[in-house]
Number of protein chains: 2
Amino acid sequence: MDEAGAALRHARASRGTTLDRLVTLLQFPTVSADPRRAGDMRACAAWLAGLLCHAGLTGVTVWPGRIAPVVTARSHGRPGRPTVLVYGHYDVQPVAPRAAWATDPFRPVQIGPHLHARGASDDKGQFMAHLAAIESYLATSGRLPVNLTLVLDGEEEVGSPTLVAAVARRWPPLAADLALVSDTWMLAPDHPVLITGLRGTLGARLEVTGPARDLHAGAFGGAVANPAEALAALVASLHDKAGRIAVTGFYDQVRPMTDAERGHLARAGPSDASMLAPAAVAGHGEPGFSAFERVTRRPSLVTTNLRTSGAGRTVVPAWAAADLSVRLVAGQQPARISALLRRHLRARPPAGVRARLHVQGRCPPYNLSERAPVARAARAACRTVFGREPTMLPSGGSIPFVSAYAAAYGRDVALLGFGLPGDAIHAPNERFYLPNLFRGTEACIELYRRLGAG
Amino acid sequence: MDEAGAALRHARASRGTTLDRLVTLLQFPTVSADPRRAGDMRACAAWLAGLLCHAGLTGVTVWPGRIAPVVTARSHGRPGRPTVLVYGHYDVQPVAPRAAWATDPFRPVQIGPHLHARGASDDKGQFMAHLAAIESYLATSGRLPVNLTLVLDGEEEVGSPTLVAAVARRWPPLAADLALVSDTWMLAPDHPVLITGLRGTLGARLEVTGPARDLHAGAFGGAVANPAEALAALVASLHDKAGRIAVTGFYDQVRPMTDAERGHLARAGPSDASMLAPAAVAGHGEPGFSAFERVTRRPSLVTTNLRTSGAGRTVVPAWAAADLSVRLVAGQQPARISALLRRHLRARPPAGVRARLHVQGRCPPYNLSERAPVARAARAACRTVFGREPTMLPSGGSIPFVSAYAAAYGRDVALLGFGLPGDAIHAPNERFYLPNLFRGTEACIELYRRLGAG
């Protein structure tokens, strides 16, 4: 009996255990953006370490991180075969607005084929497929078809500062021949996608400060500059009316799409209607591009929130701030874009107040060659498990570790995800389609086998 | 011995009691904007009712209000003499940001001559001067020099919805020949001010709604309209670069100032430097006017806050909102200004999202004739108590009850306040200059006497 076949049978017999573990994992409220969750982050990392030991991995280590621990483990028993780094993240997005959740975000509930909980799809459910595949090999053959290094990040939703810094100094435990990540989506339950690109990111806070304290709006209104209004004017200056980014030079380095690429995206990618219908919103953005092109092959600049001091009192607020999330595509350098943004703001100094841009995190865009060996292996694995080739598509999202890893080590990263478009990641009522947990496990078993076979 | 003289001696002998009562009153956290304080509002109203009964007023009643109770009482023992309505408010502004307070806002602390607490100056300390004056008369002569109706509002900081509605239907307990309010400021401890005008207000919430839920900024950024950015553009459209309100027709009904009025404001009002120095902010606003003119005789439109859904997550927020506080001057009608604002917004429909203006409260501007009998009485009382005439000046603030009362009943309202410019009302570390509590009491005793003498 071949090792992959034994692992597959073990995985199928262990589905109940795999689901139980995911339900436990989802009960840790691992919101990395919330400092009050630091203890929960450590508890979850410790629980994961125990699970990895139990699965038979070696060198299980919980590394202190800047915000939350990184958990690593390995199974390096195949000299001469490639070393594969598998990356996942156990931290999750905040749950607010809590009132919009139909169920408790940290008490997983199965409704029909879906498991509802924060992090169910992004990314606990997806990396659980890898853990089940790993355990199935080790429990049946005592070894994996490849040398595998597992990295579980606790800071992905806050820019992965610990791992990005570790990559920059080429931290030895991360050395590998290629990397695998399941933190993306499929077009439908039977329709896998191999991601050919991620957008880069530049996160920044734009802050306007004015009076030393909030001022009574009657006593001072009309006589002093208002940070809220100055911020609004600066935010408004970042786009033109049509939806194009109005920062001079912003698009200069963007690599134009070929006609072939546009044709492929139009045929294989989601239509505007299918992308936008779940959000119940009309499309709007850079003229001349489809919604899918806009979020994958064109850069964007999103004001993710606005806030002021004053807390609802009738005042001229002392300060106002906006968070900006810039997404970058092939050709764009985060440092150059941040310089262009600063130049744009310097050219528009608001009267009577002070505006400052605090750049908080950046990662370059990532692109995978369709001819990379890992892409060939992923396509073959999908043919076996899903009965079809994965569609090759770019993603609009960003995974800081992936971009940093590919840039620092020059290694390919295959992004083969098990989420679905309706999973509501980063939103209330996040869920995961449970058949994808088991199909994902089988895809991992087959993919490891193909990578080991070279 | 004359009745006023006896009241004065009683007031001077009772300073300790008056201060003790103010300290107790300031311990009620009567934040009318906070629904969780509803019980505290009722408790404070009940405590005040007890104090008014103890002082010898009759008809003491706690009326249920829309948000908080209204407390009324009277002493109508002088047939043939005028009936004077004395208005004060026991609700206070919220305390946020709590961390900016050097002391607990609801545990009054005396530091030098100042009593520090939320509401110490606005308005608990100021109306306590009236209560002390009333009790001093009743304790010594058993009657006041006038027929007095006392109204203590619990909703002033949220637009006085209960009393404004009561005034609109000419609620009988409010019938009076004139009204007195101490909820304003002096130029210095020995320099009283009789307020000649209050600005009107128009409060509104500008709300922009877009997608049905917050959307992942990577998956949707660039392809959908962003409510935060649309709101910023609308807020930015409300002023031109120089600081003038850019709503067409906004200034059309404003009565131009005469040269004489401008000269008086320049001589008697605060200079730009003295107004703006405490706020540590440069002046900015409608060109061609001093800071004091801008906040008293010119209208203003202040964005008091900006907020979005998303709570710090990396999303395109589903909604964004701004609160607007418009201040109106003589000649401007709130209804007309709200129509102009709506027209302005309708002419700028943001692409792909929906903008709505919710008008939340409005009151007309108020102006007092310098020749009104109550103005003469107030000037005479100030000569006696402060040794000088009050300076006649407009205020930039608004007191909804005052404007509504004057408009509905056609009665004069004298605003003679005991606050000081450094009191930090509506801000952290609010305080009240205690000598003004006692001098204010004496001013009330003398003013009641003058009004009774006709």
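Criteria and cut-off values
- Residues numbered from 1 in each chain as written.
- Chains lettered and ligands numbered in written order.
- Predicted model: local features only at pLDDT ≥ 70, side-chain atom pairs only at ≥ 80, totals over all residues.
- Pairing = 2+ DSSP bridges.
- Helix = DSSP H or I, 4+ residues; strand = E, 2+ residues; numbered from the N terminus.
- Axes fitted to C-alpha atoms, helices over the stretch in contact; angles between N-to-C directions.
- Contact = placed C-beta atoms within 7 Å.
- Buried ≥ 20, exposed ≤ 12 C-beta atoms within 10 Å, placed from the backbone.
- Domains from an automatic or database assignment.
- Nonpolar A, V, L, I, M, F, W, Y, C, P; charged D, E, K, R; others polar.
- pLDDT = per-residue confidence, 0-100.
- Least-squares fit on C-alpha atoms with pLDDT ≥ 70 in both.
- Parallel < 35°, antiparallel > 145°, perpendicular 65-115°, else oblique.
- Left-handed = near helix turned anticlockwise from the far one by under 90°.

### Examining the sheet that holds strand β18 (residues 431-433) of chain B
All names here are of chain B. The 3 strands lie next to each other as β4-β5-β18, forming an open sheet whose pairing is antiparallel. Each of the sheet's edge strands pairs with one partner strand only, and the pair in question is β4 (109-111) and β18. The average undirected angle you get between the axes of adjacent strands in this sheet is 25°. The sheet contact formed by β4 and strand β5 (residues 114-116) spans 3 bridges and is antiparallel. In the sheet register, I111 faces β5, and the bridge partner there is H114. Contacts from helix α4 (residues 120-140) reach β5 and β18, with the element oriented near 45° to β18. Here helix α14 (residues 434-453) sits on the sheet in contact with β5 and β18, set at roughly 55° to β18.

### Some thoughts on the environment of F438 of chain A
Residue and element names in this part refer to chain A. For F438, the position within the fold is in helix α14 (residues 434-453). Judged by the 18 C-beta atoms lying within 10 Å of it, F438 falls in the partly exposed class. Taking the C-alpha atoms as reference, F438 lies 32 Å from A407; in sequence the two are 31 residues apart.

### Observations regarding the domain arrangement of chain A
Where interface size is quoted, it is often the accessible area lost as the parts come together. Residue and element names in this part refer to chain A. Parsing chain A into structural domains produces domain 1 (3-198 + 365-453) and domain 2 (200-254 + 299-363). A straight line from the C-alpha centre of domain 1 to that of domain 2 covers 35 Å. A total of 3 residues in the side of domain 1 that touches domain 2 trace back to one element, the largest contributor, which is helix α13 (residues 400-409). Its residues assigned to classes, the side of domain 1 that touches domain 2 shows 3 nonpolar, 6 polar and no charged.

### Some points on the sheet that holds strand β18 (residues 431-433) of chain A
Residues and elements named next belong to chain A. An order of β4-β5-β18 is seen for the 3 strands of this open sheet, with the pairing classed as antiparallel. The open sheet terminates on both sides in strands that have one partner only, identified here as β4 (109-111) and β18. Each neighbouring strand pair of the sheet contributes to a mean axis angle of 25°, computed without reference to strand direction. Note that strand β5 (residues 114-116) and β18 share 3 bridges and pair antiparallel. Within the sheet, the bridge partner assigned to H116 lies in β18 and is R431. Seen against the sheet, helix α4 (residues 120-140) touches β5 and β18 and runs at an angle of roughly 45° to β18.

### Here's the deal with the confidence of the model for chain A
When the pLDDT values of chain A are averaged, the result is 95; 100% of them are 70 or greater. Overall fold confidence (pTM) sits at 0.85, and the ipTM for the predicted complex is 0.85.

### Observations regarding the interface of chain B and chain A
Each partner contributes to the interface: chain B provides 72 residues, whereas chain A provides 72 residues. Those elements giving two or more residues to the side of chain B that touches chain A turn out to be β10 (215-216), α6 (217-220), α7 (227-236), α10 (291-296), β11 (300-308), β12 (315-316) and β13 (319-328) of chain B. Of the residues forming the side of chain B that touches chain A, the biggest block, 8 residues, is contributed by β11 of chain B. Broken down by class, the residue content of the side of chain B that touches chain A amounts to 36 nonpolar, 26 polar and 10 charged.

### Focus on helix α5 (residues 161-168) of chain B
Looking at α5 of chain B, one finds that the buried residues are T162, L163, V164, A166 and V167 of chain B. Buried positions along α5 of chain B lie against β2 (70-75), β6 (147-153) and α13 (400-409) of chain B.

### Some words on the relation of the copies chain B and chain A
Relative to chain A, chain B is turned by 180° and slid 0.1 Å along the rotation axis, the superposed coordinates differing by an RMSD of 0.1 Å. Such a combination of turn and shift is consistent with a two-fold rotation axis.

### Here's the deal with the packing of α4 of chain A against α14 of chain A
Residues and elements named next belong to chain A. Look at α4 against α14: their axes get within 8 Å of each other, and the N-to-C directions meet at 55°. Taken as axis vectors, α4 and α14 run oblique relative to one another. The chirality of how α4 crosses α14 is right-handed. Judged by residue contacts, G125, Q126, M128, A129, H130, A132, A133 and S136 of α4 engage L437, G440, T441, C444, I445 and Y448 from α14. Partitioning the contact of α4 with α14 into residue classes produces 8 nonpolar, 6 polar and no charged.

### What about unusual backbone geometry?
Note that the residue after D122 of chain A, namely D123 of chain A, is joined by a cis bond; omega there is 10°. Within the secondary structure layout, D123 of chain A lies in helix α4. The linkage connecting A96 of chain B with the following residue, P97 of chain B, adopts the cis geometry, with an omega of 0°. Mapped onto the fold, P97 of chain B is located in the loop between β3 (83-89) and β4. The backbone of N429 of chain A shows a phi angle near 65°, a positive value even though the residue is not glycine. With respect to the helices, strands and loops of the structure, N429 of chain A is situated in the loop between β17 (413-416) and β18.

### A closer look at the environment of L238 of chain A
All names here are of chain A. Considering the arrangement of structural elements, one finds L238 in the loop between α7 (227-236) and α8 (259-268). Judged by local crowding, L238 falls into the buried class, with 23 C-beta atoms found within 10 Å. Once the C-alpha coordinates of L238 and R21 are considered, the two residues, 217 residues apart in sequence, prove to be 46 Å apart. Apart from residues no more than four positions distant in its own chain, L238 is found in contact with I245, A246, V247 and L301.

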